[in-house]
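What follows is each chain in one-letter form.
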Amino acid sequence: MTLYTPILILAALAAAFAVVSVVAARLVGPSRYNRAKLEAYECGIEPVDQPVSGPHAAAGQRFPIKYYLTAMLFIVFDIEIVFLYPWAVAYDRLGVFALVEMALFVAVVFAAYAYVWRRGGLSWD
């Protein structure tokens, strides 16, 4: 049981911190809300009241594709950059073969970046 004592203490501290934070936010936070503060903010699109049941219930409004494309581009380029970290750490041990492979990888990344840039995927209009 003595091996689990530090883990239990840490769990108790984390739970106490969470409870104290929520209580402190309730006591110290603002208690007057207006309509603008209570509205959901989603990507700058004004929310529209829609019926939630019945034959004319809407499944939701159309979502602009530019938000999806921007998120996908961020994920793709972010993951490609993550692949550079292990190479940078083990650069001395990998040799010339890894240098050539990384040069090809970076060339492909830049080609994809140039393609997206030329197609207007990075403009936010």
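Residues numbered from 1 in each chain as written. Predicted model: local features only at pLDDT ≥ 70, side-chain atom pairs only at ≥ 80, totals over all residues. Heavy atoms only, no water.

Here we look at the overall build of the protein
Let me state the cut-off plainly: Working definition: helices are DSSP H or I runs of at least four residues, strands are E runs of at least two. Numbering for both runs from the N terminus. Every residue pair with non-hydrogen atoms within 4.5 Å of one another is taken to be in contact. Per-residue and other accessible areas were derived by the Shrake-Rupley procedure at a 1.4 Å probe size, with only the shown protein chains allowed to occlude residues.
Across its full length, the protein holds five helices and zero strands. When the helices and strands of the protein are read in sequence order from the N terminus, they spell out α-α-α-α-α. For the protein, long-range pairs separated by at least 24 residues make up 32% of all intrachain contacts whose partners lie at least 6 apart in sequence. Summed over its atoms, the accessible surface of the protein is roughly 11500 Å², and 69% of this surface lies on carbon and sulfur atoms.

Description of helix α3 (residues 65–82)
How we decide: Here the expected length of a helix is defined as 1.5 Å per residue gap, with one fewer gap than residues. Note on classification: 1.4 Å probe, protein chains only; a residue is buried when its accessible area is under 20% of the maximum for its type, exposed when over 50%, partly exposed between these limits. Think of it as the arc spanned by the lines of direction from the helix axis to the C-beta atoms.
End to end, α3 covers 26 Å across 18 residues, agreeing with the expected 26 Å (1.5 Å per residue, within 8%). Those residues of α3 not exposed but buried are Tyr67, Leu73, Phe77 and Glu80. Considered in projection along α3, the buried side chains sweep an arc of 165° and stay on one side of the axis. Here the buried face of α3 lies against α4 (84–89) and α5 (91–119).

Description of the packing of aromatic side chains
Basically, it comes down to this: A pair of aromatic rings is counted whenever rings of Phe, Tyr or Trp (Trp by its six-membered ring) have centres within 6.5 Å, and the orientation is called stacked for planes under 30 degrees apart, edge-to-face for over 60 and tilted otherwise.
Inspection of every chain in the model, using the stated rule, returns three aromatic pairs. Centroid distance phenylalanine 77 to tyrosine 113: 5.9 Å. Interplanar angle 80°. Geometry classified as edge-to-face. Here phenylalanine 77 is found in helix α3, whereas its partner tyrosine 113 is found in helix α5, with 36 residues between them in sequence. Taking 6.2 Å as the distance between ring centres and 85° as the angle between the ring planes, the aromatic pair formed by phenylalanine 83 and phenylalanine 105 counts as edge-to-face. Of the two residues, phenylalanine 83 is situated in the loop between α3 and α4 and phenylalanine 105 in helix α5; the sequence distance between them amounts to 22 residues. Residue classification places phenylalanine 105 among the partly exposed positions, given a relative accessible area of 25%. Grouped by ring-pair contacts, the aromatic residues Phe77, Tyr113 and Trp117 constitute a single cluster.

Notes on the UniProt feature "transmembrane region" (unreviewed entry) in the protein
Inclusion rule: UniProt positions are given in the numbering used here, feature names are shortened, and annotations may be inferred rather than shown by experiment.
The positions UniProt marks with the feature "transmembrane region" (unreviewed entry) are residues 6–28, 67–88 and 94–116. As annotated, residues 6–28 comprises 100% helix and 0% strand, and the C-alpha atoms at either end are separated by 32 Å. Secondary structure content for residues 94–116 is 100% helix and 0% strand, and the end C-alpha separation is 31 Å.

Some words on the packing of α3 against α5
We apply this condition: Fitted lines through C-alpha atoms give the axes, limited to the stretch in contact for helices. The angle between two N-to-C directions lies from 0 to 180 degrees. Relative orientations are named as follows: roughly parallel for angles under 35 degrees, roughly antiparallel for angles over 145 degrees, roughly perpendicular for angles from 65 to 115 degrees, and oblique for any other angle. Each helix crossing is assigned a hand: it is left-handed if the near helix lies turned anticlockwise from the far helix by less than a right angle, otherwise right-handed if that turn is clockwise.
It is at 11 Å that the axes of α3 and α5 come closest, and there the two elements cross at 165°. When the axis of α3 is compared with that of α5, the two are roughly antiparallel. Regarding α3 and α5, the two cross each other, and that crossing is left-handed. Residues Leu73, Phe77 and Glu80 of α3 lie in contact with α5, whose contacting residues are Phe105, Val109, Ala112, Tyr113 and Val116.

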